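Coordinate inspection notes
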Amino acid sequence: MSGIDPRDLRDACGSFATGVTVISTRTEDGDHGMTANAFMSVSLDPPLITISLDHNCKLREKVRASGRYAVSVLNHEMEGLAMHFAGRHDPAHNDPFIERAGMPVVPGAACVFVTEVAQEVEAGDHTLFIGRVVEIDRDLEARPLLFCGGKFGALAS
């Protein structure tokens, strides 16, 4: 045992400002997504990114079954959508996806990455899914939605 309280670690990591994403995938039973900030670039050549999913997360098995995932980086006006995919269902977001390279993605996102899972790495109570990027779409004018200290924010214009 490390002696580090999991809640203290979560709160401390929460002091690091991140972007907000919706991780999505498509399986035989439909499209699936969740809000996450556990996303990062890994390699430029080959083009790799990673997401981190809790072992208890429903999306974890969906990504495994699909072998693909997309990351939609939310723009600063998408706080409501972030909350919807974080479990606070909002009927205004009942049809939240469009298709890009055969994957569900958030329309109007600041950036979208479509990947094929290249590797899974078990790390404590999470699985890291390293994805080979097969398509990127960016809105060069968009400002990303930020998250820090339990609150949403945006870059100054």
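Reference entry: report on the structure contained in this document. Model, not experiment: these values are computed from the prediction. (Residues numbered from 1 in each chain as written. Predicted model: local features only at pLDDT ≥ 70, side-chain atom pairs only at ≥ 80, totals over all residues. Heavy atoms only, no water.)

Topic: the pattern of salt bridges
Selection rule: Each salt bridge in this description consists of a side-chain nitrogen of Lys or Arg and a carboxyl oxygen of Asp or Glu lying within 4 Å of one another. A run of DSSP states H or I qualifies as a helix once it reaches four residues; a run of E qualifies as a strand once it reaches two. Both are numbered from the N-terminal end. Relative accessible area decides the class of each residue, using a 1.4 Å probe on protein chains only: under 20% of the type maximum gives buried, over 50% gives exposed, and in between gives partly exposed.
Scanning the entire structure with this criterion turns up twelve salt bridges. Close ionic contact of Asp11 with Arg7 constitutes a salt bridge, the shortest N to O distance being 2.8 Å. Note that Asp11 and Arg7 are positioned in helix H1 (residues 6-13) at a spacing of four residues, about one turn of the helix. The class of Asp11 is partly exposed, set by a relative accessible area of 42%. A salt bridge links Glu122 to Arg64; the nearest nitrogen and oxygen atoms lie 3.0 Å apart. One end of the pair, Glu122, is in strand E9 (residues 111-123); the other, Arg64, is in helix H2 (residues 58-66), with 58 residues separating them in the sequence.

Concerning the layout of surface pockets
Stated formally: Cavities and pockets are defined on a 1 Å grid built over the protein atoms alone: a cavity is a set of grid points where a 1.4 Å probe fits but cannot escape, while a pocket is an open set with protein on both sides within 12 Å along at least five of seven lines, and lining residues are those with an atom within 4 Å of any such point. Grid points are joined across faces, edges and corners, and a volume is the space filled by probe spheres set on the points. Residue polarity follows a fixed list, in which Ala, Val, Leu, Ile, Met, Phe, Trp, Tyr, Cys and Pro are nonpolar, Asp, Glu, Lys and Arg are charged, and the others, Gly among them, are polar.
Here the largest pocket is characterised by a volume of approximately 1,300 Å³. Lining of the largest pocket is provided by 31 residues; of these, Arg10, Asn37, Ala38, His126 and Phe147 occupy positions nearest its centre. Breaking the lining of the largest pocket down by element, the ones donating at least two residues are H1, strand E3 (30-36), strand E5 (48-54) and helix H3 (79-85). Looking at the lining of the largest pocket, the element that brings in the most residues is H1, giving six residues. Classifying every residue of the lining of the largest pocket gives 17 nonpolar, eight polar and six charged. Of the voids in this model, the second largest pocket is the one considered here, and its volume is about 160 Å³. As for the second largest pocket, its lining consists of Asp31, His32, Gly33, Met34, Cys57, Lys58, Leu59 and Lys62. Contributing elements (two or more residues each) for the lining of the second largest pocket: E3 and H2. The element that contributes the greatest number of residues to the lining of the second largest pocket is E3, accounting for four residues. Grouping the amino acids of the lining of the second largest pocket by side-chain chemistry returns three nonpolar, two polar and three charged.

What to know about the sheet that holds E9
Here is the rule we go by: At least two bridges found by DSSP between two strands is the condition for calling them paired. For helices, the axis comes from a line fit to the C-alpha atoms of the stretch in contact; other axes are also lines fit to C-alpha atoms, and the angle between any two N-to-C directions lies between 0 and 180 degrees. By definition, residues are in contact when any of their heavy atoms lie within 4.5 Å.
Strand order in this open sheet of seven strands is E3-E2-E6-E9-E10-E5-E4, and the pairing throughout is antiparallel. Of all the strands in the sheet, just E3 and strand E4 (39-43) have a single pairing partner and so form its edges. Along the sheet, successive strands turn relative to each other by an average axial angle of 35°, direction set aside. Both E4 and E5 contribute to a ladder of four bridges, which runs antiparallel. The residue of E5 that forms the bridge with Ser43 is Leu48. Together, strand E2 (21-27), E3, E5, strand E6 (68-73), E9 and strand E10 (126-138) form the strand contacts of H2, whose direction differs from that of E2 by roughly 50°.

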